[in-house]
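# Structural overview
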Amino acid sequence: MVASRPVSPSWMSTAASRVDANFRESKEQQKQRRQQQNQSVPIPDANLSFGERALSAAGAAFVSSILVNPLDVAKTRLQAQAAGVPYQGLCGTPCIETNTMLPDLRSSALRTPSLIGSKTVCPPECNQYKGTLDVLLKVIRQEGFWRLWRGTNASLTLAIPTVGIYMPCYDIFRNLMEEFTTQNAPNLTPYVPLVAGSLARSLACVSCYPIELARTRMQAFKQTQVGVKLPGVWGTLTGAINPVKSTNPLHNLQNYRILWTGLGAQLARDVPFSAICWSTLEPIRRRILGLVGDEPSAATILGANFSAGFVAGSLAAAATCPLDVAKTRRQIEKDPTRALKMTTRQTLLEIWRDGGMKGLFMGIGPRVGRAGPSVGIVVSFYEVVKYAIHYRQLTE
């Protein structure tokens, strides 16, 4: 007698299949909900105009530039010192005049020194900066407290149009690319912030680069003349052009390209910076905002964006520090002929040959200390203003 296999009733198998299907469906729905929550745009900003975005970004750039300018001065001074810019008399005390002695070479048993003249000897700390805090203290003591904000006018002149182009363009590029990739290539959506940030930063850098050149030169060189008015942005740019002027108008027109000296190094620094920054910032802030809920408030938007911006800006600044050193060295070069012939690759090799790994990461402390808060301030201020404008539109 053959044993028959027990057969379950049809209703039971149907119910089991329904339960299994519902279970799978619920799991898939939960997964999709989590993905949508993590990939949603933090602020519903589709209705904001380019002008409103630019206004938000300009306000953020204004606040950030004023707060972090002293660290920018410290970073530039340290990098300029490593490039060979002399800084004499930093200690604020008079140097000691000492006699120069020469040993008597005729006596092999006991060499007696003979006086050949005198020279001025300064302590080692009077001729160099030893670190970020040392730069800040010596600038205050020698040049005055407000000299820590040297180049702030250039920073504001640079930051407002740069960020005014950069942030709105990033928003627009990101939204368009996310819409396209979501419909046609979902696997590429995570890379949208990287590409959008790189494109927006390239556009902003090329547009406003001469002001960046002026700012670096204004911050790098020490000025101690009493009663002498220091050149501003226009004066600094004019001084950069004057050494290469000639009687040939065509030659003068070609020499105006010196105002874009180091643009390659700037792009080589800022494009990777933006790519690293945005590809790190977006997942962090979306995860934080996803934990808050569907309706974030201004406080949660401020906290999430500042935290994400601080982390992303610090990581990106550390990773791109060698390119920042190369950019500074190219921008402070006063020989017009050499400045026009320098390349980023040659500059990096020169820095490596002169200072090794330490030279490539010169000024990383103030750079990271500046970039983290700066990115956090700009992104959080920008998003909060966007949120306020959007909330006003809803209430109206």
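What counts, and at which threshold
Residues numbered from 1 in each chain as written. Predicted model: local features only at pLDDT ≥ 70, side-chain atom pairs only at ≥ 80, totals over all residues. Heavy atoms only, no water. Helix = DSSP H or I, 4+ residues; strand = E, 2+ residues; numbered from the N terminus. Buried < 20%, exposed > 50% of the residue type's maximum accessible area, 1.4 Å probe, protein only. Contact = heavy atoms within 4.5 Å. Areas by Shrake-Rupley, 256 points an atom, 1.4 Å probe, with all protein chains shown as cover. Phe/Tyr/Trp six-rings, centres within 6.5 Å; stacked < 30°, edge-to-face > 60°. Expected span 1.5 Å × (residues − 1). 1 Å grid on protein atoms, 1.4 Å probe; cavity = no way out; pocket = protein on both sides within 12 Å on 5 of 7 lines; lining within 4 Å. Points joined across faces, edges and corners; volume = space filled by probe spheres on them. Nonpolar A, V, L, I, M, F, W, Y, C, P; charged D, E, K, R; others polar. Patch = residues over 30% accessible without salt bridge, like charges linked within 9 Å, V, L, I, M, F, W, Y side chains within 5 Å. Salt bridge = Lys/Arg side-chain N within 4 Å of Asp/Glu carboxyl O. Axes fitted to C-alpha atoms, helices over the stretch in contact; angles between N-to-C directions. Parallel < 35°, antiparallel > 145°, perpendicular 65-115°, else oblique.

### Quick word on the overall build of the protein
A count of helical and extended segments in the protein gives 13 helices and two strands. Out of the 396 residues in the protein, the part that is buried amounts to 42%. Contacts spanning at least 24 positions in sequence make up 78% of the contacts within the protein whose residues lie at least 6 apart. Accessible area of the protein: about 21500 Å², with a carbon and sulfur share of 62%.

### Focus on the packing of aromatic side chains
By the definition in use, this model includes six aromatic pairs. Among the aromatic residues, those joined into a ring-pair cluster are Phe145, Trp146 and Trp149.

### Looking at the environment of Val384
In this fold, Val384 is placed in helix α13 (residues 364-395). The spacing of Val384 and Leu302 is 82 residues in sequence and 6.2 Å in space, taken between C-alpha atoms. With residues up to four places along the chain from it excluded, the contact list for Val384 reads Ala298, Ile301 and Leu302.

### Thoughts on helix α3 (residues 132-143)
Its 12 residues place the ends of α3 16 Å apart at the C-alpha level, agreeing with the 16 Å of an ideal helix rising 1.5 Å per residue. Three or more residues of α3 are buried, namely Asp134, Val135, Leu136, Lys138, Val139 and Glu143. A positive backbone phi angle near 105° is found at Gly144, which sits one or two residues after α3.

### A few points about empty space enclosed by the protein
Counted under the stated rule, the structure contains one cavity of 30 Å³ or more. As for the largest cavity, its lining consists of 39 residues, and the residues nearest its centre are Arg201, Arg269, Phe273, Arg370 and Ser374. Taken together, the elements giving at least two residues each to the lining of the largest cavity come down to α2 (50-82), α4 (152-184), α5 (192-220), α8 (263-292), α10 (321-331) and α13. It is α5 that provides the largest number of residues to the lining of the largest cavity, a total of nine residues. Split into classes, the residues belonging to the lining of the largest cavity amount to 18 nonpolar, 11 polar and 10 charged.

### Describing a nonpolar patch on the surface
Taken together, the side chains of Phe306, Phe310, Val311 and Leu315 present a nonpolar region at the surface, about 340 Å² in accessible area. Here Leu315 is to be found in helix α9 (residues 298-319).

### So, the environment of Tyr387
Position of Tyr387 among the secondary structure elements: in helix α13. The exposure class assigned to Tyr387 is partly exposed, which follows from its relative accessible area of 21%. C-alpha separation for the pair Tyr387 and Leu48, spaced 339 residues apart in sequence, amounts to 10.0 Å.

### Considering the environment of Asn305
Looking at the element boundaries, Asn305 is found in helix α9. Remark: the alpha-carbon pair of Asn305 and Ile377, spanning 72 residues in sequence, is separated by 8.4 Å.

### A closer look at the packing of α4 against α5
As a packed pair, α4 and α5 sit with axes 7 Å apart at the nearest point and diverge in direction by 170°. Classified by the angle their axes make, α4 and α5 are roughly antiparallel. Residues belonging to the contact of α4 with α5 are distributed by class as follows: 20 nonpolar, eight polar and five charged.

Everything listed here is a matter of coordinates, which is why it stays silent on function.
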